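# Examination of the molecular architecture
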Amino acid sequence: MPISLRALLDDVASVDVPTPAGTLRVTYRPGRITLALALRLQEGAADIPASLAELIAGWDLLGEDGQPLPVTAETIRALPLTLIQAILKTILDDWSLKAKM
């Protein structure tokens, strides 16, 4: 049965990211982790906030008003660096485990 590239790119998976304030649930698009992105990340040439904004389909991170924050590069740039690192590491670890199956 044929599949479309769009279906691969838009597939989602969810991970739990532990933080000092609790657990953040992040839904991401594993199909958006491409060879080009992996090479940019490895070379340090990737715009991490923009790359994460493309990978993340949603999260339960709330703003001061109690509403979910938009998943944008601008929002991600305003997050603590330790949280950005934890999100990226958790996504890549989950993706790596699924890729080995």
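Everything discussed here concerns the structure shown above.
Here the structure is a predicted model, which is why all the values come from computation and not from measurement. (Residues numbered from 1 in each chain as written. Predicted model: local features only at pLDDT ≥ 70, side-chain atom pairs only at ≥ 80, totals over all residues. Heavy atoms only, no water.)

## Re the overall build of the chain
Of regular secondary structure, the chain possesses five helices and three strands. Taken over C-alpha atoms, the radius of gyration comes to 14 Å for the chain, in line with the 13 Å a tight globule of 101 residues would show. Expressed along its principal axes, the backbone C-alpha trace of the chain runs to roughly 45 × 30 × 25 Å. Partitioning the intrachain contacts of the chain with sequence separation of at least 6 by distance along the chain shows that 50% fall at a separation of at least 24. When the accessible area of the chain is evaluated, it comes to approximately 6,600 Å², of which 60% is carbon and sulfur surface. Taking the average location of the 9 positive side-chain charges in the chain and that of its 12 negative ones, the two points are 7 Å from each other. (Helix = DSSP H or I, 4+ residues; strand = E, 2+ residues; numbered from the N terminus. Rg over C-alpha atoms; globule rule 2.2 N^0.38 Å. Contact = heavy atoms within 4.5 Å. Areas by Shrake-Rupley, 256 points an atom, 1.4 Å probe, with all protein chains shown as cover. Lys, Arg positive; Asp, Glu negative; His and termini not counted. Charge placed at Lys NZ, Arg CZ, Asp CG, Glu CD.)

## Here we look at the side chain of Ser51
Positionally, Ser51 belongs in helix α3 (residues 48–55). For Ser51, a relative accessible area of 9% puts it in the buried group. Residues contacting Ser51, with those up to four places away along its chain left out, are Leu37, Arg40 and Ala46. (Buried < 20%, exposed > 50% of the residue type's maximum accessible area, 1.4 Å probe, protein only.)

## Looking at the environment of Leu35
Relative to the helices and strands, Leu35 is located in helix α2 (residues 35–43). The spatial distance from the C-alpha of Leu35 to the C-alpha of Ala45 is 13 Å, given a sequence separation of 10 residues.

## Some words on the sheet that holds strand β2 (residues 22–28)
Here we have three strands laid out as an open sheet, ordered β1-β2-β3, and antiparallel in their pairing. Two strands lie at the open edges of the sheet, namely β1 (13–19) and β3 (56–59), each paired on one side alone. The average undirected angle you get between the axes of adjacent strands in this sheet is 30 degrees. Sheet topology note: the β1/β2 ladder contains seven bridges and is antiparallel. From the neighbouring strand, Ser14 faces β2, where its bridge partner is Thr27. Relative to β3, α3 is tilted by about 80 degrees, and along the sheet it contacts β2 and β3. (Pairing = 2+ DSSP bridges. Axes fitted to C-alpha atoms, helices over the stretch in contact; angles between N-to-C directions.)

These figures come from the coordinates and say nothing about function on their own.
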